[in-house]
Amino acid sequence: MFPDAGPGSPTVTAMRARELGRKSVVVGDRVGLVGDTSGAPGALARIVRIAERRSVLRRTAEDDATTAEGRLERVVVANADQLVIVSALADPPPRTGFIDRCLVAAYDADIEPLLCLTKADLAGPEAVLGYYTELELPYVLIRPDSDLAALRALLAGRVSVMVGHSGVGKSTLVNRLVPEADRAVGTVSAIGRGRHTSTSAVALGLPPHRDSHDAPGWIIDTPGVRSFGLAHVSAESLLHGFPDLVEATVDCPANCQHTAEEADCALDAWVAAGKADQRRLASYRRLLASRSGEGDAREPERNPGDPLAGS
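Read on for an overview of the structure. Computed from a predicted model, the values in this text were never measured in an experiment.

The rules behind each value
Residues numbered from 1 in each chain as written. Predicted model: local features only at pLDDT ≥ 70, side-chain atom pairs only at ≥ 80, totals over all residues. Heavy atoms only, no water. Helix = DSSP H or I, 4+ residues; strand = E, 2+ residues; numbered from the N terminus. Buried < 20%, exposed > 50% of the residue type's maximum accessible area, 1.4 Å probe, protein only. Contact = heavy atoms within 4.5 Å. Areas by Shrake-Rupley, 256 points an atom, 1.4 Å probe, with all protein chains shown as cover. Salt bridge = Lys/Arg side-chain N within 4 Å of Asp/Glu carboxyl O. Pairing = 2+ DSSP bridges. Axes fitted to C-alpha atoms, helices over the stretch in contact; angles between N-to-C directions. Expected span 1.5 Å × (residues − 1). Core = buried A, V, L, I, M, F, W, Y, C linked by side-chain atoms within 4.5 Å.

Below, the discussion takes up the overall build of the protein. Within the protein, the secondary structure is distributed over eight helices and eleven strands. Expressed as a percentage of the 311 residues in the protein, the buried residues total 47%. For the protein, the proportion of contacts with a sequence separation of at least 24, taken over those separated by at least 6, is 69%. Summing over all exposed atoms, the protein offers an accessible surface of approximately 15400 Å²; the carbon and sulfur share of this is 50%.

This is the structure in structure tokens:
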């Protein structure tokens, strides 16, 4: 992929050199090519080199440390600048547990998060934004009649990877941003679960933005996911996904694991003093447990007691 390629650049068909390995090249990689790069019909080039990646967004298949499969890291995309977390405000309801996981993955990969709240015609954003008020997350609201100008401005000149549960309207949004993308669009079932419509990650060049002189940018659409495993993220890095809790740990004893069983963990007093949301602490500790194999990796990724969870 060539993030700085212009609209008139040829589309090059290339095969990976065998010596690079079967899983070496991912969407977003900058690569070196040899052979016919003209893009003419029937032309074929060969990928012989992968440039050093400036960022790598990963997820683990499951958060189960007791199995080899549960520790399997999967590179979602390379060289992204921004993680666009797409969440519906209704039908299906927002899942803050999933958003928390995506934020941890973004901070771990050193890329910026952007919260994209769809179906804003069905419900207001107050509950979701209130949950993340201490983080000051950038966000956009999307309605069926939105002109997408605010979102396009945030995507311009950047490589943005879009993630979200099936049914949140991600493919519809991609088709509006890049009309020629023709991404398959699914429906939401009666029990509030979307059907998987995207089957593979694909990089799509954005059309020029009228208010920006930068390169239009790229979006990378990913398949709808039911989980965003974090077993590959260290416990220390996991905490960085909860910046509203970090300051409290200064008062924790040495080698504190920050679990509920730690009698002297300062996080509980921090929350009791009203300096952070109890739901955020509960989510952090649940992620700690799941990455160590103690929790249920198949949890619905909604925070217990959270009104957003619908239960």
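Further notes follow.
Let us now look at the pattern of salt bridges. Scanning all chains against the criterion turns up nine salt bridges. For Glu19, the salt bridge is made with Arg46, and the minimal N-O distance between the two is 3.8 Å. Pair noted here: Glu19 is in the loop between strand 1 (14-16) and strand 2 (31-35) and Arg46 is in strand 3 (residues 45-50), with a separation of 27 residues, a long-range link. Arg46 gets classed as partly exposed once you look at its relative accessible area, which sits at 39%. For Asp29, the salt bridge is made with Arg53, and the minimal N-O distance between the two is 2.7 Å. Of the two residues, Asp29 sits in the loop between strand 1 and strand 2 while Arg53 sits in the loop between strand 3 and strand 4 (56-60), which places them 24 residues apart along the sequence. Salt bridges here are not isolated pairs; linked through shared partners, they connect Asp100, Asp244 and Arg280.

What the three strands build is an open sheet, ordered 1-3-2; its pairing is mixed. Each of the sheet's edge strands pairs with one partner strand only, and the pair in question is strand 1 and strand 2. Averaged over all pairs of adjacent strands, the angle between their axes in this sheet comes to 40°, without regard to strand direction. Here strand 1 pairs with strand 3 via three bridges, running parallel. Each bridged residue has a counterpart across the sheet, and for Arg16 the counterpart in strand 3 is Ile47.

Before going further, it helps to spend a moment on helix 1 (residues 96-109). For helix 1, built from 14 residues, the straight-helix expectation of 20 Å at 1.5 Å per residue is met to within 8% by its first-to-last C-alpha distance of 20 Å. Every buried residue of helix 1 is accounted for by Thr96, Gly97, Phe98, Ile99, Asp100, Arg101, Cys102, Leu103, Val104, Ala105, Ala106 and Ala109. Just past helix 1, the residue Asp110 takes up positive phi, approximately 60°.

A separate point is the side chain of Ser87. Relative to the assigned elements, Ser87 resides in strand 6 (residues 82-88). Under the relative-accessibility criterion, Ser87 is labelled buried at 6%. What Ser87 contacts, discounting residues up to four positions off in sequence, is Pro94, Arg95, Ile99, Cys116, Leu117, Thr118 and Val168.

Turning our attention to the nonpolar core. Counting 48 residues, the largest nonpolar core has Leu57, Leu83, Val161, Phe228, Leu245 and Tyr284 as the members making the most contacts within it. Residues within four places of Leu245 in sequence aside, it is in contact with Leu239, Leu267, Trp270, Ala276, Arg280, Leu281 and Tyr284. Val86, Leu151, Met162 and Leu173 belong to the second-largest nonpolar core, a separate cluster that totals 20 residues.

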